[in-house]
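Letter by letter, the chains look like this.
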Amino acid sequence: MRKGEISFRIGGAAGDGVASSAETLSRVCSRSGLHASTYSFYQSVIRGGHVWTQVRAGEKSLGCFGEDADVLICLNQDTADYHAKNVTENGAIIYDPNAVEVPKAELRNGVKTVEIPLLELARTFSTAQIMKNTVAIGAAVSLLNMDFDIFVSVMKSQFGAKKQDVIDANVGAAKAGHDFIMKNNISLGHSLKFTMQRRMLVTGNEAIAMGALAAGVKFHAQYPMTPSSSILHYLAAHGAKYGVVVKQSEDEIASINMAVGAGFGGVRAMTATSGGGFSLMVEGLGLAGMLEVPLVAVLAQRGGPSTGMPTKTEQGDLNLAMGAGQGDWPRGIIAPRNQQECFDATVKAFNLAEIYQTPIIVMTDLILSESYSTVETFDFNVPIIRGLRADETKPDEFKRYLVTESGVSPRSIPGQKGLVHIAGSDEHLEDGTLISDVLSGLPSSIEGRIKMHDKRMRKLKGMLKDTPGPELWGPDRADLTLVSWGATQGPAREAIERVAGEHNVKVNSLEYCYIFPFHSDETAALLKDASMTMAVEGNYTGQFARLLRAETGIGMDHHLHKYDGEPFEPRHIVRKIEEVLKLG
Amino acid sequence: MAEAIDGQAYDFKSGTKPTWCPGCGDYAVLNALHKTLTNLKLEPWRVAVISGIGCSSNLPHFLTAYGVHGIHGRALPIATGLKLANPELTVIGAGGDGDGYGIGAGHFVHTMRRNLDITYIVMDNQIYGLTTGQASPTSMMKMKTKSTPEGVIENPINPIALALASGATFISRGFSGDAKGLAEIMEAAVRHKGFSLVDVLSPCVTYNKNNTYDYFRPKVYNLQKENHDVKDIEAAWKKALEWGDRIPTGIFYEAEGVPTYEELEPAYKQGPPLKQRLGIADPKDLIEEAM
């Protein structure tokens, strides 16, 4: 067990309610004033299999779900078999001795086996099997000396006033687990400070959806696909109240094209998917690029290729996002590094999309999309910048695709008098006249084509200025610089702190949230004096390192690639740092 | 369609000359659409015509109205997004049989079951024209094309039957050789509240030597001249399956009282999306819920 933090791992079979129990526990921790970070390990099955969720809670902000658990809650035998031996020293294992046997000989030093008749205690309150989880959660709350009333408050929020009977049953069951620990005088001897400071507890997907609401999304189309689906769920649940049309479409091709239609119609439009769906969307994305229609597309990555590993994480779709759509068109790619940044980046994406009238891709991965983290309360009062609009009083001057220095042309919205135009997927002239058929290849068209293509691509210059460069975290000068993008930030920083505590070396972290247009100058300046570099990314070929090299000519000295489907843990990175710095 | 506001009749013609072959059936469709929009006294800036790709999908360029000349097969999803964003527009989808019944068939079916208040005009020439003469989803059995030199060996799609099965609330067929009849059908289609299909037999004079004006002229007849009851879905099914010596045109079916998607959309309680204020004025509930 590490000072100032604790990790719980709850394991069972799919359908046992592991994820919801873990969410409850996370909220209890969060409401106690602890920071929390979770990871759900699950499989593409509805019932059965083996699933677990880790809830890490600590006094300081946490960038990831951690590593081995301090407290293991076994809801079935598999959980004991797979995880008991990895419980940290002086940790505890909670289980029902009537259902689960713990391999005691394999346990680390000082690990307590807390035997509670979970099912028997649960039966007093409900016939539902899931109630045994609640007994275990009550026991966990007690082991940490957390205020039981907080559990009650979480139940009230979860079920609402209408379901008092459900609340009573859960509270009773949890109390039984709680009292069992008290009565038997079991303690972890691990103390945490509960500040009771209130924070939000959100997944990356929820943070994106909230960012979209704050930014004024009015249309969202999506086809369900793990791990992006909870964006659809969140917006669908809130659409009626906040006036967002949420359309579950027949496929991702429809989603992106609906978003194009809505964006053309003048509302802020979004779609979300994972790699497979994004692959279907690429033609529609290029259409938006050509029509110069603003939209935001969320790409929540999972293990690929093809169906790949639907419930596993990976950062393998950067090449896909970079290359989506035939021909060249200006796109923005943003990869938020944590849940807080998911909110901020989504707001930024909507503004960039409208300022530059082009698609912005927000990339996450499963670990960020679906994991909960505490965040400071989001500020919903965000800037909303709608970009250049045509002058209704001067219809004679209006050209929808006017060639400008910035590459941005004045835009009109259907319904505006005097500003009708055709947005065409064919190459076109300033007034929208297409030059793909009878004018194709004629001298004036060739010139028009070049001007129009240049105009569109010039938007990248502005977008580059409007986005922040990479962040260098840690000491200015270091023996090793880690280079990462997206959600690798958390484990990378933690690895750096750990290495600094154990060895006399300095490591820093160069982190990218704004991926494209690529900040070459800042990158070159920051890496100019780097002693040694190492790219840390969750894919096979080092897609980000390749982009960095293509944009700057700078190659990484070392690479750490992970593509086993599991998220980076700090120790994976620590091990590699020790290897490249030859630390004993 | 959206309600006309100022009651004036506007000219919807544009200065862009159509690029279709002389004699192409699509000219009649364009004329009928011009006439319809003018007759219904719609304002050009409150009309949007959305197309896909193909000869017929060039149509938006030949109208004065807002328009999207989109990508192959995706006219209906684009039209759907636009209509949902701004239900105060009259939104018309347009394209060919390859666009709508081939690559876009999935969207065709799903858009019909949604019953959005949009009109979809399919210029059905039973061939791929722009790609120089391959078989289309409505090419008849045995027809020889560049891609089927031994003749087509799969059954054609029956758009009328497919529309009936998919829950379209207005289903019609026109013929480019009957300009007057086509204009009447189109006006009724645009006027209909809900999804309306106008499948137009629109001969390709260059690549389809089978389904020509002369092929259709002796066969087509107008349902409305034969006491067909447009409210009788069983009668509509019977007529939908008729194709041979006699080919029905006119309105096959018009459902009454079916709510449109827009009428059922929960988010519209807050007003049309385009007219709403952006952002969250009071985020208290959202924050509390996430605690």
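A. Representation of unusual backbone geometry. Note the cis peptide between A:G304 and A:P305, where omega equals -5°. Here A:P305 is to be found in the loop between β11 (295–301) and α11 (318–323). In this structure, the amide linkage connecting A:F516 to the following residue, A:P517, adopts the cis form with an omega of 0°. Although it is not a glycine, A:Q357 sits at a positive phi angle of roughly 50°. By the element assignment, A:Q357 lies in the loop between α12 (339–356) and β13 (359–365). Residues other than glycine seldom take positive phi values, yet B:N227 does so here, at roughly 55°. Here B:N227 is to be found in the loop between β7 (220–222) and α8 (233–240). Overall, B:N227 belongs to the exposed group, with 7 C-beta atoms counted inside 10 Å.

B. Region of interest: the nonpolar core. In terms of nonpolar packing, the biggest core is built from 250 residues, with A:I93, A:I94, A:V135 and A:A140 touching the most fellow members. The leading source of residues in this core is α12(A), at 10 residues. In this structure, A:A140 is in contact with A:F8, A:L25, A:V71, A:I73 and A:I94, ignoring residues within four places of it in sequence. Among the nonpolar cores identified, the runner-up in size contains 7 residues, and B:I127, B:Y128, B:C204 and B:Y207 belong to it.

C. View of the packing of helix α16 (residues 520–527) of chain A against helix α17 (residues 543–552) of chain A. All names here are of chain A. Running from amino to carboxyl end, α16 crosses α17 at an angle of 100°, the nearest separation of the two axes being 10 Å. Our classification of the angle between α16 and α17 gives roughly perpendicular. Within the contact between the two elements, α16 uses S520, T523 and A524 and α17 uses L548, E551 and T552. Considering only residue class, the contact of α16 with α17 consists of 2 nonpolar, 3 polar and 1 charged.

D. The arrangement of the sheet that holds strand β4 (residues 118–124) of chain B in detail. Reading across the sheet, the 9 strands line up as β15(A)-β2(B)-β1(B)-β3(B)-β4(B)-β6(B)-β5(B)-β8(B)-β7(B) and stay open at both edges, with mixed pairing between neighbours. Two strands in the sheet have a free side with no partner beyond their single neighbour: β15 (422–424) of chain A together with β7 of chain B. In this sheet, adjacent strand axes meet at a mean angle of 20° when their direction is disregarded. For strand β5 (residues 170–175) of chain B and strand β8 (residues 247–254) of chain B, the ladder comprises 4 bridges, and the chain directions are antiparallel. Bridge assignment links B:R173 to a residue of β8(B), and that residue is B:G250. Across the sheet, helix α6 (residues 179–191) of chain B lies against β3 (90–96), β4, β5, β6 (196–201), β7 and β8 of chain B, angled at about 160° from β5(B), the strand it touches most.

E. Representation of the pairing of strand β21 (residues 558–561) of chain A within the structure. All names here are of chain A. Relative to β21, strand β20 (residues 533–537) is paired through 4 bridges, and the arrangement is parallel. Residue pairing in the sheet places A535 in a bridge with H559 of β21. In this region the chain leaves β20, passes through α17 and returns to the parallel neighbour β21; the handedness of that crossover is right-handed.

Rules and cut-offs
Residues numbered from 1 in each chain as written. Chains lettered and ligands numbered in written order. Predicted model: local features only at pLDDT ≥ 70, side-chain atom pairs only at ≥ 80, totals over all residues. Helix = DSSP H or I, 4+ residues; strand = E, 2+ residues; numbered from the N terminus. Buried ≥ 20, exposed ≤ 12 C-beta atoms within 10 Å, placed from the backbone. Core = buried A, V, L, I, M, F, W, Y, C linked by C-beta atoms within 7 Å. Contact = placed C-beta atoms within 7 Å. Axes fitted to C-alpha atoms, helices over the stretch in contact; angles between N-to-C directions. Parallel < 35°, antiparallel > 145°, perpendicular 65-115°, else oblique. Nonpolar A, V, L, I, M, F, W, Y, C, P; charged D, E, K, R; others polar. Pairing = 2+ DSSP bridges. Right-handed = clockwise from strand over helix to strand, strands pointing away.

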